[in-house]
Amino acid sequence: MSVIKKYYRAMEGNRALKGGLILLTILILIAVLAPFLEPYGAKKLSDDVLMAPCQAHWLGTDDLGRDVYSMLIEGSRVSLTVGIIAAMITAVIGVIFGAVAGYFGGAADKIMNEIINIFMMLPTFFLVLIIVALFGSSMLNVMIVIGLTSWPSNARLMRAQAMSLRERTFVRSAEAIGESRFSIIFRYIIPNGIFPVIANTTMNIGGAILTEASLSFLGLGDPNVVSWGQMINQGRGYIVNGWWVAAFAGLAILLIVLIFYLIGDGITAQMNPKTRRR
Amino acid sequence: MAYLEAEHLCKKYMVRGSNGKSFLQAVDDVNFSLEQGEILGVIGESGCGKSTLGRMLIGLEPITSGRVTYDGRKLEGLMKEDLRRFRGMAQMVFQNPFDTFPPKQTMQNILLRVMKIHHIGADKEERRQRCLRLLEEAGLKPAEDFLNRYPHELSGGQLQRLSIVRSMMLSPSFLVADEPVSMLDVSVRADIINMLMDIRKKKNTAMVFISHDLATTRYISDRIVVMYLGRIVESGGTDQVLHNPQHPYTKALLSYCGSVDPREKREQVEVPGEAFAGAGERSGCSFAPRCFMACGRCFREQPRMETVEEGHRAACHCMGGKSKTE
Amino acid sequence: MRRYVGKRLLLALITVSVALVINFALIHLAPGDPTKVLAGNGHPSPEMEAALTVKYGLDKPLYVQFISYVKNLLCGDLGNSYVYNQPVTKLIAERFGPSSLLALTSAILAAILGTLLGLVTATRQGGFLDRIINGVSYFFYSMPSFWLGMMAILIFSTSLKVLPTSGMVSMRASYTGMAHVMDVMKHMILPAGTLIIIQIPVYLRIFRTSVSQTMTEDFITTFRAVGMDEKKIFRRYIFKNSILPTITVFGINLAYTVMGSALIEVVFAWPGIGRMMLDAIGKRDYPLLMGIYLVLSVSVALMTMITDLVYAAVDPRIRYK
């Protein structure tokens, strides 16, 4: 309890971070408790087709009579899962790659650095599209592919951290004590250099959610789950007389991505001593 | 054969300038030997290569050329054969006690980890007991308290003591102390120095004590080596070098340091300019541009170490009052 | 400088090679027979299979296959599209223009406008205008581009009827010369506008951060202390130094620009490469897909290289590293 209080006080004045975290907590609660919060099942078809927002259906219904509000709540699960897991994959790959490159230096680093540069130049979104098209569009595939294509930014950050950390006395003294290089990377370099990566990963969650939404919009998402991008795609067909489906789905995406960007920015501001007290 | 021998040690750094590649000679042809239980003091200004030398001796910095032997066995061989055991044998105490320990771990974690790596002690509890004992012996009481602290909660003196305890846990036969007291308050320095001397007495550990402070070095060292821009310019017994300095640089250093022997009257020696380690080849003595005794030969020919008296050598063309002019 | 250009060129070449290898690997890793992938068809006839096998040497070891793949590529043969039944090269060439028009125009305008807005907020940090612009910018940064496009169509085309709904040219009339240009531009307002609004926040933030960091540097304080005019300080030192990250970001953003404009092309039925690619995916037109991906990789690599060179021209420090 005191740990939470300590962190809360440290965030004094950092409205972005505080607001973001509160909203995130609410969001996670919604996603977890989804089945209890949906007034109607998200997949429940009904005869009330394309009804505008009203008393019975707060956000209207779609062309199959499904309640938009319920669908939005259900869709939060997909977005959160894909976003977080994809970003985690990105973080793990990027951090290890960057830490190894930065700590070892020399020829290995030169090569690894160029690999990072090359990867950043490849149009990864299309790679994602092709892979999903070829290998199937299950949610698992989507998560893995997004994770495998966005790690360079984390790698770059971690590499810079590793390069500056390896000159620090405590790293040198760990070497003197007899720690193996592997050990040094995982016990000393990564834990001490991870902070900017955390901020970046949070932004990556937002990015992953947008990518997933784009994929679903193009019809390449998992057809078995309710996804907001998919809703926009479907809603596009009847945008004129059923605008609420696409509109609210898009707003939902906007809000969830906004939350993560707020948190990411908040963490960055927190780390910078110059902007901490505002 | 001495316990530790350094022969023709050199360290070159490649430097990329705006007009192509060049190199920086950080350590140039360093030779010395050290016996068990002996403390060698290394003196010089910042940038003279003494820290680099210290790191080279225990394999933390790769050697460009030359060799280091322990009891006749080459450093590279020892490291390749069993790196961990070598590390247990040769330890280092660093200049900055505030940064020596990883910031987010407790002292218990840090110290127990060392034992774990080197398979000292059967289990966590036994290691902990050992730790407590060592801390008490080092004067860190109550030991229990210290174990639970984070590095940022401790003072410089305490941290440096802990650093020494950590190194000595492995019972090394050789210890490099790289300016161990430079960042500490003057009042605390004596404690640390005494601690080191105590260790030497009890465990017969050979030590290299690196410093830019003559007073402390004199107190602890048996022999002294004076470095300038990567080269040894004078070496010998502590008293020999400090009471009968031969090299102009040593003379200049001593003239500034009144505390060595306040009874002796010394003239302040003027040494203009700053030591600048330029990249590239150097011809002639590296101290010549600032030397008050320099002559033509000094700029052309690199002086070699010559014996002044038994055990005392210096590298200067113009020693002993006779200036070999040209 | 020459060395730097050489290095950049080499890097671009390597990137394209990597894209090539990835392309090749994908064809062979995809579940199913490569012939089917190459034919674009799920069930090629036995004659077709035999012909394809000979052409691509599919019965030969992998490295030989790779070499013949590359040879075909160098001759400009990217295969035939299944859906359109035309050479891929021709299809891409037709659509390259419209895509570039949309993508580059919006990228450049977004960079300029974003930087200008960043300028406004940087000098008025903490002020009312600054907070509003920042808030709105957050908003658009988090927005899915295709959704914004759809909403724009809804509002401007369907409801207000001021702008065309889709396409690059009006279907019924056929204009030439100036009228044609005007027509295209009218059709470009919404799609380009959407892309620009989505990208502005990126440039705004990077410039703003960069300016606030430069402003706190010691050398600026020195200039002030000496008495240099504030505006002059800004123009000569702060601006020039802060613009560098913007150029870098422009380069990094190119890969994303391509993605963003592809989605917009779908929403607005703009006749570009991105849209064709997305259609091809839906129809599993593999030869077309591979070809487009390759062309895109080359374009992005080239643009990135150009951006790097511009950066080096502006920042002399890079040249000497």
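Residues numbered from 1 in each chain as written. Chains lettered and ligands numbered in written order. Predicted model: local features only at pLDDT ≥ 70, side-chain atom pairs only at ≥ 80, totals over all residues. Heavy atoms only, no water.

Caption draft 1: Summary view of the interface of chain A and chain B. On the chain B side, the residues contacting the 16 residues of chain A number 20 residues. Carbon and sulfur atoms make up 51% of the area that chain A and chain B hide from each other, which totals about 1,600 Å². Where chain A touches chain B, the interface holds 2 salt bridges. Taking the shortest distance from any N to any O, the salt bridge between Arg-113 of chain B and Glu-179 of chain A comes out at 2.9 Å. Where chain A touches chain B, the interface holds 11 residue pairs in polar contact (both at pLDDT 80 or more). Elements with a contribution of two residues or more to the side of chain A that touches chain B: helix 9 (169-177) and helix 10 (181-193) of chain A. The leading source of residues in the side of chain A that touches chain B is helix 9 of chain A, at 7 residues. (Contact = heavy atoms within 4.5 Å. Buried area = accessible area lost by both parts, 1.4 Å probe. Salt bridge = Lys/Arg side-chain N within 4 Å of Asp/Glu carboxyl O. Polar contact = N/O pair within 3.5 Å; in protein donor to acceptor, adjacent residues only side chain to side chain. Helix = DSSP H or I, 4+ residues; strand = E, 2+ residues; numbered from the N terminus.)

Caption draft 2: Region of the structure containing the sheet that holds strand 8 (residues 206-211) of chain B. All names here are of chain B. Ordered in space as 6-7-8-3-9-10-12-11, the 8 strands form an open sheet in which the pairing is mixed. Sheet topology places strand 6 (90-93) and strand 11 (306-309) at the edges, where each strand pairs with a single neighbour. For this sheet the average axis-to-axis angle between neighbouring strands, irrespective of direction, equals 20°. Across 6 bridges, strand 9 (residues 223-228) lies against strand 10 (residues 231-237) in antiparallel orientation. Pairing of Met-227 across the sheet is with Ile-232, part of strand 10. Sitting on the sheet, helix 7 (residues 156-168) is in contact with strand 6 and strand 7 (174-178), with an inclination near 175° to strand 6. Its contacts with the sheet place helix 11 (residues 248-256) against strand 3 (39-43), strand 9 and strand 10, and it is angled at close to 105° to strand 9. (Pairing = 2+ DSSP bridges. Axes fitted to C-alpha atoms, helices over the stretch in contact; angles between N-to-C directions.)

Caption draft 3: Layout of the packing of helix 4 (residues 68-104) of chain A against helix 11 (residues 195-217) of chain A. Residue and element names in this part refer to chain A. For the pair helix 4 and helix 11, interaxial distance at closest approach is 8 Å and the crossing angle is 135°. Overall, the two elements helix 4 and helix 11 adopt an arrangement that is oblique. Handedness of the crossing formed by helix 4 with helix 11: right-handed. Contact residues: helix 4 offers Val-78, Ser-79, Val-82, Gly-83, Ile-84, Ala-86, Ala-87, Thr-90, Ala-91 and Val-95, while helix 11 offers Val-197, Thr-201, Asn-204, Ile-205, Ala-208, Ile-209 and Glu-212. Of the residues contributing to the contact of helix 4 with helix 11, the split by class is 11 nonpolar, 5 polar and 1 charged. (Parallel < 35°, antiparallel > 145°, perpendicular 65-115°, else oblique. Left-handed = near helix turned anticlockwise from the far one by under 90°. Nonpolar A, V, L, I, M, F, W, Y, C, P; charged D, E, K, R; others polar.)

Caption draft 4: Quick look at unusual backbone geometry. Residue and element names in this part refer to chain B. In this model, Lys-141 is joined to Pro-142 through a cis peptide bond whose omega is -5°. Along the chain, Pro-142 turns up in the loop between helix 5 (124-137) and helix 6 (143-147). Even without being a glycine, Asp-71 presents a positive backbone phi close to 50°. Here Asp-71 shows up in the loop between strand 4 (65-70) and strand 5 (73-74).

Caption draft 5: Examining helix 4 of chain A more closely. The first and last C-alpha atoms of helix 4 of chain A sit 53 Å apart over 37 residues, in line with the 54 Å expected at 1.5 Å per residue. Downstream of helix 4 of chain A by a residue or two, Gly-105 of chain A has a phi angle that is positive, lying close to 65°. (Expected span 1.5 Å × (residues − 1).)

Caption draft 6: Local environment of the pairing of strand 8 of chain B. Residue and element names in this part refer to chain B. The buried fraction of strand 8 amounts to 6 of the 6 residues, a majority that puts the element mostly inside the structure. Side-chain alternation along strand 8 places Ala-206, Val-208 and Ile-210 on one buried face and Met-207, Phe-209 and Ser-211 on a second face that is also buried. Relative to strand 8, strand 3 runs parallel, the two being bridged by 5 bridges. Paired with Val-42 across the two strands is Ile-210, which belongs to strand 8. Pairing of strand 7 with strand 8 involves 5 bridges; the strand directions are parallel. Along strand 8, the bridge assignment pairs Asp-178 with Ile-210. (Buried < 20%, exposed > 50% of the residue type's maximum accessible area, 1.4 Å probe, protein only.)

Caption draft 7: Inspection of the environment of Thr-268 of chain A at higher detail. Among the secondary structure elements, Thr-268 of chain A is positioned in helix 13 (residues 243-271). As a C-alpha pair, Thr-268 of chain A and Asn-200 of chain A span 68 residues in sequence and 8.6 Å in three-dimensional space.

Caption draft 8: A look at helix 7 (residues 139-149) of chain A. Looking only at helix 7 of chain A, the buried set comprises Val-142, Met-143, Val-145, Ile-146, Gly-147 and Thr-149 of chain A. Where helix 7 of chain A is buried, its residues contact helix 4, helix 6 (124-135), helix 8 (152-165) and helix 11 of chain A.

Caption draft 9: Highlighting the pattern of salt bridges. All names here are of chain B. Throughout the structure, instances matching the rule amount to 26 salt bridges over all chains. Arg-231 serves as the salt-bridge partner of Asp-28, at 3.2 Å between the closest nitrogen and oxygen. Here the residue Asp-28 occupies a position in strand 2 (residues 20-34), and Arg-231 occupies one in strand 10, the gap between them amounting to 203 residues. The same class applies to Asp-28 as to Arg-231, namely buried. Look at the salt bridges and you will find they share partners, linking Arg-73, Glu-81, Asp-82 and Arg-85 into a network.

Caption draft 10: Local environment of the domain arrangement of chain B. Residue and element names in this part refer to chain B. Taken domain by domain, chain B comprises domain 1 (4-104 + 150-321) and domain 2 (105-149). If you average the C-alpha positions of domain 1 and of domain 2, the two centres end up 31 Å apart. Tallying the contact residues gives 19 residues for domain 1 and 18 residues for domain 2. Regarding the contact of domain 1 and domain 2, the summed buried area is about 1,700 Å², with carbon and sulfur atoms giving 78% of it. In terms of surface lost to domain 2, no three residues of domain 1 exceed Arg-84, Leu-162 and Met-169, which account for 32% of the buried area on that side. Between the two partners, domain 1 and domain 2, sit 0 salt bridges. Among the elements of the structure, helix 3 (83-89) and helix 7 are those that each provide at least two residues to the side of domain 1 that touches domain 2. A total of 5 residues in the side of domain 1 that touches domain 2 trace back to one element, the largest contributor, which is helix 7. Of the residues that constitute the side of domain 1 that touches domain 2, the class distribution is 11 nonpolar, 2 polar and 6 charged. (Domains from an automatic or database assignment.)

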